[in-house]
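Residue-level structure breakdown
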Amino acid sequence: LLREGPLAPTRAVRIAAQIAASLREAHQTGLLHRDLKPSNVLIGVDADGHDLVKVIDFGLIKDTSEAQADDLTSVGMVVGTPMYVAPEMITGGRVDTRADVYGIGVLLYQMLSGKPPFPQGRNLTETLQTVLMADPVPLRRFEHLTHLHPLLEQIVAGSIHRDPTLRFADAHQLLIALRAAENALADPSADPGQLHIQDGQTVLPDPVSASSLHQTA
């Protein structure tokens, strides 16, 4: 990502979907990654020449039943990488699968724009304050994203919302939305509709619902 700059939306969505699929397996077994960042996502090539994504470094993995306010250490250091860590991991709130959803959303934002939504500050405190208080630049403000598909904007917003209760509940729900985005990008003439998140669950626009759900298995 750092070498290539912004990725084409179709490729960015496919990579994000593979990350979400990998994390879905962890979430279904009650585990969190908690440290998603570019260096923990390896991108190779499969036999057909397509991107093959592998999520690595589960060193901060944790059982969701234990991921509570102890995600701040005794000396106040935040678990994870500051520019990619969910706000609740900074404030000592409850940490669950939505923290990983946040990490995937930050990576998707960076793949699309070429920059993380919250830039690194001059020091750790400034970086953390930015994550907690600043609003990311809307993706359509970037010159190369002025015509970004609205479904992608909705997915990013539903992933990196500061309030975890307004995010996708887990990687599975995010994957449903990403599969819908893949279909929508393949047929740009279709009416994108409006994606909603209701109690953490993905509510897809009618035109893409039927064609998307079966792809998440």
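For the structure, check the block above.
Quick summary incoming for the structure in this document. (Residues numbered from 1 in each chain as written. Predicted model: local features only at pLDDT ≥ 70, side-chain atom pairs only at ≥ 80, totals over all residues. Heavy atoms only, no water.)

1. A short note on the overall build of the chain
Counting secondary structure elements, the chain contains 7 helices and 6 strands. Going from the N terminus to the C terminus, the chain shows its helices and strands as α-β-β-β-β-α-α-α-α-α-β-β-α. The buried share of the chain, reckoned over its 217 residues, is 47%. For the chain, restricting intrachain contacts to residue pairs at least 6 apart in sequence, the fraction spanning at least 24 positions comes to 68%. (Helix = DSSP H or I, 4+ residues; strand = E, 2+ residues; numbered from the N terminus. Buried < 20%, exposed > 50% of the residue type's maximum accessible area, 1.4 Å probe, protein only. Contact = heavy atoms within 4.5 Å.)

2. Here we look at the pairing of strand β2 (residues 41-45)
Within a regular beta strand, the side chains point alternately toward one face of the sheet and then the other, so they alternate between its two faces. Here β2 runs beside strand β3 (residues 51-55); their pairing, made up of 5 bridges, is antiparallel. Bridging across to β3, L42 finds its partner in K54. The turn linking β2 back onto β3 is made up of 5 residues, and G49 within it adopts a positive phi angle of 85°. (Pairing = 2+ DSSP bridges.)

3. Structural notes on helix α4 (residues 124-133)
Taken residue by residue, α4 has T127, L128, T130 and V131 as its buried positions. Summarising the axial view, the buried residues of α4 lie within an arc of 155°, below the 170-degree limit, and thus occupy one face. Within α4, the exposed residues directed more than 90 degrees away from the buried face are T125 and M133. Among the structural elements, α2 (87-91) and α3 (97-113) are those in contact with the buried residues of α4. A side-chain oxygen of the first residue of α4 lies 3.2 Å from the backbone nitrogen of T125; this N-cap is N123. (Arc of directions from axis to C-beta. Polar contact = N/O pair within 3.5 Å; in protein donor to acceptor, adjacent residues only side chain to side chain.)

4. What about the environment of S22?
Relative to the helices and strands, S22 resides in helix α1 (residues 9-28). Of the residues examined, S22 reaches a relative accessible area of 25% and is grouped as partly exposed.

5. Examining the pattern of salt bridges
Taken as a whole and judged by the stated rule, the model has 9 salt bridges. Here R14 ties to E182 by a salt bridge, and the two come within 3.9 Å at their closest N and O atoms. Here R14, found in helix α1, pairs with E182, found in helix α6 (residues 171-186); they are 168 residues apart in sequence, far enough to count as distant. In this structure, the salt-bridge partner of R98 is D96, at a minimum N-O distance of 2.6 Å. Judged by relative accessible area, D96 falls into the buried class, the value being 12%. Connected through salt bridges with shared partners, the residues R14, R179 and E182 form a single ionic network. (Salt bridge = Lys/Arg side-chain N within 4 Å of Asp/Glu carboxyl O.)

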